[in-house]
Amino acid sequence: MSTLFVCNTGGHLVELLSLAERLPFERGEELWVTFDDAQSQSLLRGRDVEFIRYPSPRDLRITVANTIAAIKLHRRRRFTWAVSTGAGVAVSFLPVARAHGTQCHYIESATRVTGPSMTGRLLAAVPGIGLHTQTTQWSGRRWSYVGSIFDGFEAVDAAPARTHSVAVSLGSSQTFGFRRLVARVANILPPGSEVLWQTGSTTVEDLGLPAVPYLAAGQLEAAFATADVVIAHAGVGTALTALRAGRFPILVPRESGHGEHVDDHQVEVATELQARGLALCRTVDELCSDDLITASSRRVQRTASPPTLDLGRRCAPVGFGHPRL
């Protein structure tokens, strides 16, 4: 038995690591395929990893290059299972794995509340790949509901409300900045607050802030756990890290209209978590100092262990391609 885990970094990697613990089969030997950055170096330390080239969103040239890397990988290794949470790297690797007889499963990101991503729509056209969603809103014959990474959390009251320390996180995006959020938070912070600014690729040098572009996964979760308030972009990985740290985060979605992402899926995940009672969802313009007080008066705790994923029957026999690509 051997399992191939393949995904982009950022929230996709955080999700896949979490979901891997809930798989209904023995994983055996594992290989993780993703991009080489500070997050993957931290989260996958000690694991068998192959790094591939990072494509900017919908970069066809790098997608093709990564597909060639997938073909070369399958010439020298065989896998029983392949599992991915996206994004573009899944388009390169899962069809190749399927053509070599591997049992493939694509689990759509929890950010996709109203329908599949572009990656999901492309993989739905590939025969034999198991398709799974983390929401019931659009599950059906093609897409099976397997539960959510946000299952098993609940918010509780915490007193007193304190805003002495604030952790601000913009995630690990290598492509998109989120300067609007940094500027807004700087304007509403209570005087004398201690602030961690984890800013990713956002340029803030001219603002005079003591920013840290990236933190190791354990360091970020520890920073969240000791902060009175967590304010973050609505990336699924950052949100999950905040919940695990016991914090009730203020999630501010990036907006495509401001060039902060390729679409507005972060609005969906922030809205979903607010509906679950696990976060505050605010736009940049809505965010105010009262939100910090509200968020600091709540804490999040784990109420139950999430159930094993139900991936259904094994994938159908290979019906396309050639096993010796």
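Just so it is clear, the model here is predicted, and its values are computed rather than measured.

## Focus: the pairing of strand 10 (residues 194-198)
Bridge count between strand 9 (residues 165-169) and strand 10: 5 bridges; the pairing is parallel. Paired with Val-168 across the bridge in strand 10 is Trp-197. Pairing analysis gives 2 bridges linking strand 10 to strand 11 (residues 211-212), with the strands arranged parallel. Looking at the pairing, Gln-198 lines up with Val-212 of strand 11.

## Remarks on the pattern of salt bridges
Inspection of the entire model under this criterion finds 14 salt bridges. With its nearest N and O atoms 2.5 Å apart, the salt bridge here joins Arg-298 to Asp-157. Separated by 141 residues along the polypeptide, Arg-298 in strand 15 (residues 298-302) and Asp-157 in strand 8 (residues 153-157) bring together distant segments of the chain. Look at Arg-298 and you get partly exposed, because its relative accessible area is 23%. Its salt-bridge partner being Asp-291, residue Arg-282 comes within 3.1 Å of it at the nearest N-O pair. Look at Arg-282 and you get partly exposed, because its relative accessible area is 22%. In this structure, a network of salt bridges that share partners links the residues Glu-21, Arg-27, Glu-30 and Arg-47.

## With respect to the side chain of Thr-199
With respect to the helices and strands, the residue Thr-199 is situated in the loop between strand 10 and strand 11. In this structure Thr-199 comes out as buried when scored by relative accessible area, which is 4%. Those residues within four positions of Thr-199 in sequence are excluded, and the remaining contacts are Leu-170, Val-204, Ala-211, Val-212 and Pro-213.

## Focus on the sheet that holds strand 5 (residues 103-107)
Backbone hydrogen bonds hold the strands of a sheet together, and the pairing may be parallel or antiparallel. Ordered in space as 3-2-1-4-5-6-7, the 7 strands form an open sheet in which the pairing is parallel. Every other strand in the sheet has two partners, leaving strand 3 (49-52) and strand 7 (144-145) as the edge strands with one partner each. The pairing of strand 4 (residues 81-86) with strand 5 spans 4 bridges and is classified as parallel. Bridging across to strand 5, Trp-81 finds its partner in Gln-103.

## Some words on the sheet that holds strand 14 (residues 280-281)
Read across the open sheet, the 6 strands follow the order 11-10-9-12-13-14; overall the sheet is parallel. Of all strands in the sheet, those with a lone pairing partner are strand 11 and strand 14, marking the two edges. Together, strand 9, strand 10 and strand 12 (229-233) form the strand contacts of helix 7 (residues 217-226), whose direction differs from that of strand 9 by roughly 145 degrees.

Conventions we followed
- One numbering rule holds for all chains: residues counted from 1, following each sequence as written.
- At least 70 in pLDDT is required for a residue's local features to be given in this predicted model, at least 80 for side-chain atom pairs to be given and counted, and no such filter applies to totals for whole chains, interfaces and linings, which use all residues.
- To obtain the side-chain values, all non-hydrogen atoms of the structure were used and water was disregarded.
- Whether two strands pair comes down to DSSP finding at least two bridges between them.
- Helix and strand labels come from DSSP, where a helix needs a run of H or I of at least four residues and a strand needs a run of E of at least two; each type is numbered from the N terminus.
- A pairing counts as a salt bridge when a side-chain nitrogen of Lys or Arg comes within 4 Å of a carboxyl oxygen of Asp or Glu.
- Categorising residues by exposure relies on relative accessible area from a 1.4 Å probe, with only protein chains included: less than 20% of the type maximum marks a residue as buried, more than 50% marks it as exposed, and the intermediate range marks it as partly exposed.
- Contacts are residue-level and defined by heavy atoms, with any inter-residue pair within 4.5 Å sufficient.
- An axis is simply a line fitted to the C-alpha atoms; with a helix, the fit covers only the stretch in contact. Between two such axes, the angle follows the N-to-C directions and lies from 0 to 180 degrees.

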